[in-house]
Amino acid sequence: GGVQLLLQVANDSSLELKPRYLCLQCLSCAGSHPPFCRTFLKEEIQETLTSMIVKSSTVPEEMDLVVGAMTIYLRVIMHWDRDDPNQEISGATKLHYQAQVDALVAAYGSKNLTLIRAANDILSSWTAGAQREAVIRSSLDNFVDLPIPKTKTEMDQLTPQELSAYKQRQYQKKTRDQAWAFERATLFIKNGGMEKMLKCTVAADDATLRREMSVAMGKVFAALDEEEKMQAAA
């Protein structure tokens, strides 16, 4: 299909950089529309993007390609794992954690400021936990496909059974998102991601970048929640 063709062109090192980058830019723009992302950016794209990021992050001339690939990754993280309003909340995810961790570790090891900032965006979204829906909603433009939380007035109009079911679903969604964030933060730390981030922070001459890195690291530790969980991930 068209997505695979664009990825093949983007991954073809025999071509000039500009058409390769434009292919990724096309996919990123299209992927910002949630239905396109869920319909055409299939699961196997994650390994392709990771391979491209790991390979190109060591080539200074190809940093734009890496940023383009990471932007597509951000679309995938935002728009894939959505809850069907007619189905029960599920803990299953379509995201391939190891592929995403490998991409982040490579990005933080690149020493490229633009790439490091892109990695911060991905990491913060990936470990958003209870704030996951708010993060997704802030990324949407004119097309909003997330259910809007009910206002107090709307909840007052529900029957006791409807109100109980609504609150239970909200609770299940929150605890599931927190569990996802904990799993992802743990895997990131165990695979050397935090060590890479610390080295980036210490080596950074840019005070703004140091602050951004500190915020991103804080979100990872916040996802671990309790001290006991932090020790388990160490």
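Refer to the structure printed above.
Note that the structure is a prediction, hence the values are computed from the model and not measured.

Reading guide: rules and limits
- Residues numbered from 1 in each chain as written.
- Predicted model: local features only at pLDDT ≥ 70, side-chain atom pairs only at ≥ 80, totals over all residues.
- Heavy atoms only, no water.
- Core = buried A, V, L, I, M, F, W, Y, C linked by side-chain atoms within 4.5 Å.
- Buried < 20%, exposed > 50% of the residue type's maximum accessible area, 1.4 Å probe, protein only.
- Helix = DSSP H or I, 4+ residues; strand = E, 2+ residues; numbered from the N terminus.
- Contact = heavy atoms within 4.5 Å.
- Expected span 1.5 Å × (residues − 1).
- Arc of directions from axis to C-beta.
- Phe/Tyr/Trp six-rings, centres within 6.5 Å; stacked < 30°, edge-to-face > 60°.
- Lys NZ or Arg CZ within 6 Å of the ring centre and 35° of its normal.
- Salt bridge = Lys/Arg side-chain N within 4 Å of Asp/Glu carboxyl O.
- Axes fitted to C-alpha atoms, helices over the stretch in contact; angles between N-to-C directions.
- Parallel < 35°, antiparallel > 145°, perpendicular 65-115°, else oblique.
- Left-handed = near helix turned anticlockwise from the far one by under 90°.
- Nonpolar A, V, L, I, M, F, W, Y, C, P; charged D, E, K, R; others polar.

Draft legend 1. Region of the structure containing the nonpolar core. Core analysis: the largest hydrophobic core is formed by 61 residues, its most contacted members being Leu41, Met70, Tyr108, Trp126, Phe188 and Met197. Per-element tally for this core: the top contributor is helix H5 (residues 63–79), with twelve residues. In this structure tyrosine 108 touches Ile116, Ala119, Asn120, Leu123, Phe188, Lys196, Met197, Cys200 and Met213, once residues within four positions along its chain are discounted.

Draft legend 2. Structural view of helix H2 (residues 17–31). Between its terminal C-alpha atoms H2 stretches 21 Å, which fits the 21 Å expected from 15 residues at 1.5 Å a residue. Residues of H2 that are buried include every one of Arg20, Cys23, Leu24, Leu27, Ser28 and Gly31, and no others. Take H2 and look down its axis: the buried residues cluster within an arc of 135°, on one side only. In H2, the exposed positions that point more than 90 degrees away from the buried face belong to Lys18 and Cys29. Contacts made by the buried residues of H2 are with helix H1 (2–10), helix H3 (34–40), helix H4 (45–56) and H5.

Draft legend 3. Up close: unusual backbone geometry. The residue lysine 111 is not glycine, and still its phi comes out positive at about 70°. Looking at the secondary structure, you find lysine 111 in the loop between helix H6 (97–108) and helix H7 (113–126). Look at lysine 111 and you get exposed, because its relative accessible area is 73%.

Draft legend 4. Main features of the packing of aromatic side chains. Taken as a whole, this structure holds three aromatic pairs when the rule is applied. Between the aromatic rings of phenylalanine 36 and phenylalanine 40, the centroid separation amounts to 5.0 Å while the plane-to-plane angle is 40°, which identifies the pairing as tilted. Taken together, the residues span about one helical turn, with phenylalanine 36 and phenylalanine 40 both in helix H3 at a distance of four residues. Looking at phenylalanine 40, the relative accessible area reads 45%, which means it is partly exposed. Judged by centre distance (5.5 Å) and plane angle (90°), the rings of tyrosine 97 and tryptophan 126 are edge-to-face. Placement of tyrosine 97 in helix H6 and of tryptophan 126 in helix H7 is noted, with a sequence separation of 29 residues between them. Residue tyrosine 97 shares its accessibility class with tryptophan 126, and that shared class is buried. Sitting over the ring of tyrosine 166, lysine 150 keeps its end group 5.7 Å from the ring centre.

Draft legend 5. Structural context of the environment of aspartate 225. For aspartate 225, the location among the structural elements is in the loop between helix H12 (207–224) and helix H13 (227–233). Exposure remark for aspartate 225: the relative accessible area of 53% places this residue in the exposed category.

Draft legend 6. Examining the pattern of salt bridges more closely. Under the definition given, this model contains twelve salt bridges. Among the salt bridges present, the one from aspartate 177 reaches arginine 132, with a minimum N-O distance of 3.0 Å. Residue aspartate 177 is found in helix H10 (residues 160–190), and its partner arginine 132 is found in helix H8 (residues 132–139); the two are separated by 45 residues along the sequence. Comparing aspartate 177 with arginine 132, the two get one shared label, buried. Lysine 173 is the salt-bridge partner of glutamate 133, the closest N and O atoms lying 3.1 Å from each other.

Draft legend 7. Up close: the packing of H6 against H7. Where H6 meets H7, the closest approach of the two axes is 8 Å, and the angle between their N-to-C directions is 150°. In this view, H6 runs roughly antiparallel relative to H7, as classed from their interaxial angle. Taken as a pair, H6 and H7 cross one another with a handedness that is left-handed. Each of Tyr97, Gln100, Val101, Leu104, Ala107 and Tyr108 in H6 lies in contact with H7, whose residues at this interface are Leu115, Ile116, Ala119, Asn120, Ile122, Leu123 and Trp126. Residues of the contact of H6 with H7, tallied by class, amount to eleven nonpolar, two polar and no charged.

Just geometry here; none of it tells us what the structure is for.
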